[in-house]
Amino acid sequence: MDLFDQRAVADTGAGDYGLSGDMKKTQYVLQLLGAPFCPETLKCILIAAEQGMEMNTGSLEMSDLDSSEFQQVSEFGIAPALKENDFFTAGSKAITEYVNARGLGTSIIPKNVTLAAEQETWVDKSRQIAGPAIQAFVGEITGQAGDTTAAKAQLEPVLDELNAQLGKDKFVIGKNYSMADIHWTADMHLLGLTSGAEMIESRSNIKNWMQNMRDKKSNCGQSLKSCSLLPTVEDIKANKLNNVTIDDF
Amino acid sequence: MGLFGFGEKKEKPAAASKDDKISLSGPANAASMKCIMTAGVRGVAMDVNLSGGDAVTMTHGPITVVGENAIEAYLDIKGKGMPLKPKKARHLADQYHWIEASNQLLDTETKVEQVMSRMDQLLGEQEFLVGPLTLADSVVAGSVLALKKQGKAPASLGNVDAWLTRVEAKIPDSLRAGFMSHIN
């Protein structure tokens, strides 16, 4: 039995998936291993909810990443990790692209060359600048306090840029929802749970956009609101991730 | 604005014209090499200047793109024929898994031997990293060539060397010598 089957059990509780007689549009439940304090994990949960893919989640500890058990499911120890039936992959970029392609909704990746490059630029800003800086603030919850002064100095310029960008249009790269929105939603959600929330409050465009993200119904037209699955402070303290369950097919 | 938005002027993103040349500048590091390999495999001609700077930057007419991932996405779509980015979900995931291994591990000189040994094993069974040629091949080749240039790649991985030759062979003859002169 691999780590997925121990922690992100695919059994839905109604017997083997798809055998309960209910019409399900996805053949297998996705299994995800990650952590509630990790923005990369939250991006995978958001895309699954947006694209109508059921996902069972299991939490990892930092010490798991180098364990032989985890390397059996993610050979280079990259997290988060995903399993769908006999298929394994790891890393938020691989997982979000996979779920976007497998999901029920239309792809959220732009085909236009300029928008595709712009999306990648904002995804990189999220992963390379915002994500690591926000971890210092999330340390207030996990008890691994980081240097929030340095993190704030790192975050302010990119948040100013994002605030200006969101003043131009409804979503991060324009009129359409994209991967850039997924990435920044996860970041801003985590930041909003910490003392860094004032950096969102003081930027009205980010604040309004985040409210729109929280109110938004899923990309595939189901009533599920993807943000409702993001962890609370208590969830992070308890190292608990929410599953993605689709009720209205 | 008319009914259902008819008559509304649709704002288009900035676009380069056919006559605009693509230029790449930045430090002579793995990120730049990945962009050069991607341009090469996609048959995109561009001027290259690796004399320094903080981050790899591409300009194309009114468009400026900063950062390897964004530039690779741009070049892939701009290139000739079908993009390297696969449509099949599993290939897509495998492509980005290798790109993450390249960005997070090879470029930071972490687990180099483990990653490249796995590549060698896989490339003994299949022609390219994912199966068909994908963006993973041009990107990871850039990382491996950067490691080789610094003498930090493990020696005697015959399947990796043969794969590098196959990827280089995808660069059109008219571009190969010029592009590879920035890498080797």
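Rules and cut-offs
Residues numbered from 1 in each chain as written. Chains lettered and ligands numbered in written order. Predicted model: local features only at pLDDT ≥ 70, side-chain atom pairs only at ≥ 80, totals over all residues. Helix = DSSP H or I, 4+ residues; strand = E, 2+ residues; numbered from the N terminus. Rg over C-alpha atoms; globule rule 2.2 N^0.38 Å. Buried ≥ 20, exposed ≤ 12 C-beta atoms within 10 Å, placed from the backbone. Contact = placed C-beta atoms within 7 Å. Nonpolar A, V, L, I, M, F, W, Y, C, P; charged D, E, K, R; others polar. Pairing = 2+ DSSP bridges. Axes fitted to C-alpha atoms, helices over the stretch in contact; angles between N-to-C directions. Core = buried A, V, L, I, M, F, W, Y, C linked by C-beta atoms within 7 Å. Parallel < 35°, antiparallel > 145°, perpendicular 65-115°, else oblique. Left-handed = near helix turned anticlockwise from the far one by under 90°. Right-handed = clockwise from strand over helix to strand, strands pointing away. Expected span 1.5 Å × (residues − 1). Bend = angle between axes of the 7 residues up to and from the residue.

Draft legend 1. Representation of the overall build of chain A. Helix and strand counts for chain A come out as 10 helices and 4 strands. Taken from N to C terminus, the helices and strands of chain A fall in the order α-β-α-β-α-β-β-α-α-α-α-α-α-α. Over its C-alpha atoms chain A spans a radius of gyration of 18 Å, differing by no more than 12% from the 18 Å that the globule rule assigns to 249 residues. For chain A, the spread of C-alpha atoms along the three principal axes comes to 50 × 40 × 30 Å. For chain A, buried positions account for 50% of its 249 residues. In chain A, of all internal contacts separated by at least 6 residues, the share reaching a separation of at least 24 is 69%.

Draft legend 2. Here's a closer look at the interface of chain A and chain B. Of the residues lining the interface, 22 residues belong to chain A; the matching set on chain B comes to 29 residues. Of all the secondary-structure elements, those providing two or more residues to the side of chain A that touches chain B are strand 4 (87-90), helix 4 (92-102) and helix 5 (113-142) of chain A. Across the side of chain A that touches chain B, the residue classes break down as 11 nonpolar, 5 polar and 6 charged.

Draft legend 3. Up close: the sheet that holds strand 4 of chain A. All names here are of chain A. Reading across from one edge, 2-1-3-4 is the order of the 4 strands in this open sheet, with mixed pairing throughout. With partners counted over all chains shown, the strands left at the sheet margins are strand 2 (55-59) and strand 4, one partner each. On average, adjacent strands in this sheet sit at an angle of 20° to one another, irrespective of strand direction. Here 3 bridges tie strand 1 (residues 30-34) to strand 3 (residues 81-84), and the two strands are oriented antiparallel to one another. Of the residues in strand 3, the one forming a bridge with Leu 32 is Leu 82. Running over the sheet, helix 2 (residues 39-50) touches strand 1, strand 2 and strand 3 and is turned about 160° from strand 1. The strands that helix 4 touches are strand 1, strand 3 and strand 4; relative to strand 4, the one it contacts most, it runs at about 130°.

Draft legend 4. Just the nonpolar core, in detail. With 121 residues, the main nonpolar core has Ile 45 and Ala 48 of chain A together with Cys 35 and Tyr 74 of chain B as its most contacted residues. Considering every element that reaches this core, the biggest residue donor is helix 5 of chain A, with 13 residues. Aside from chain neighbours lying at most four places away, what touches Cys 35 of chain B is Leu 24, Val 56, Met 58, Glu 68, Ile 71, Glu 72 and Leu 75 of chain B.

Draft legend 5. Region of interest: unusual backbone geometry. A cis geometry characterises the amide bond from Ala 79 of chain A onward to Pro 80 of chain A, with omega recorded as -5°. Residue position: Pro 80 of chain A is located in the loop between helix 3 (68-73) and strand 3. For Glu 109 of chain B, which is not glycine, the phi dihedral falls at a positive 55°. Examined against the element boundaries, Glu 109 of chain B turns out to sit in the loop between helix 3 (89-106) and helix 4 (112-123). Taking the number of C-beta atoms within 10 Å as the measure of exposure, Glu 109 of chain B has 11 and is therefore exposed. One non-glycine residue, Ser 156 of chain B, lies in positive phi territory at about 50°. With respect to the secondary-structure elements, Ser 156 of chain B resides in the loop between helix 5 (135-149) and helix 6 (158-169). By the C-beta count within 10 Å, which is 7 here, Ser 156 of chain B ends up exposed.

Draft legend 6. Focus on the pairing of strand 3 of chain A. Residues and elements named next belong to chain A. Along strand 3, one buried face is formed by Ala 81 and Lys 83 and the opposite face, lined by Leu 82 and Glu 84, is buried too. Pairing of strand 3 with strand 4, which is carried by 4 bridges, proceeds in the antiparallel orientation. Within strand 4, the position partnered with Glu 84 by the bridge is Phe 87. The antiparallel pairing of strand 3 with strand 4 creates a hairpin that spans 2 residues between the two strands, and Asn 85 there sits at a positive phi of about 55°.

Draft legend 7. Just the packing of helix 5 of chain A against helix 2 (residues 68-78) of chain B, in detail. The geometry of helix 5 of chain A relative to helix 2 of chain B is characterised by a closest axis approach of 8 Å and an angle of 160° between their N-to-C directions. The pairing of helix 5 of chain A with helix 2 of chain B is recorded here as roughly antiparallel in orientation. Remark: the crossing between helix 5 of chain A and helix 2 of chain B carries right-handed chirality. Side by side, helix 5 of chain A and helix 2 of chain B meet where Val 113, Ala 116, Ala 117, Glu 120, Thr 121 and Asp 124 of chain A of the first sit next to Asn 69, Ala 70, Ala 73, Tyr 74, Ile 77 and Lys 78 of chain B of the second. Looking at the contact of helix 5 of chain A with helix 2 of chain B, its residues break down into 7 nonpolar, 2 polar and 3 charged.

Draft legend 8. Local environment of the sheet that holds strand 1 (residues 22-25) of chain B. All names here are of chain B. Here we have 4 strands laid out as an open sheet, ordered 2-1-3-4, and mixed in their pairing. At either end of the open sheet lies a strand with only one pairing partner, and these are strand 2 (47-49) and strand 4 (63-66). For this sheet the average axis-to-axis angle between neighbouring strands, irrespective of direction, equals 15°. Relative to strand 3 (residues 57-60), strand 1 runs antiparallel, the two being bridged by 4 bridges.

Draft legend 9. Representation of the pairing of strand 2 of chain A. All names here are of chain A. Within strand 2, 5 of the 5 residues are buried, leaving the element largely enclosed by the surrounding structure. Along strand 2, one buried face is formed by Met 55, Thr 57 and Ser 59 and the opposite face, lined by Asn 56 and Gly 58, is buried too. Taken together, strand 1, helix 2 and strand 2 form a β-α-β motif whose crossover is right-handed.

Draft legend 10. Spotlight on helix 6 (residues 148-168) of chain A. Residues and elements named next belong to chain A. With 21 residues, helix 6 extends 30 Å from end C-alpha to end C-alpha; this agrees with the ideal 30 Å at 1.5 Å per step. Along helix 6, the helix axis deviates most sharply at Leu 155, where the bend reaches about 30°; the proline Pro 157 sits within four residues downstream. The set of residues buried in helix 6 consists of Ala 151, Leu 155, Leu 159, Leu 162, Gln 165 and Leu 166. Buried residues along helix 6 sit against helix 5, helix 7 (179-192), helix 8 (197-201) and helix 9 (204-215).

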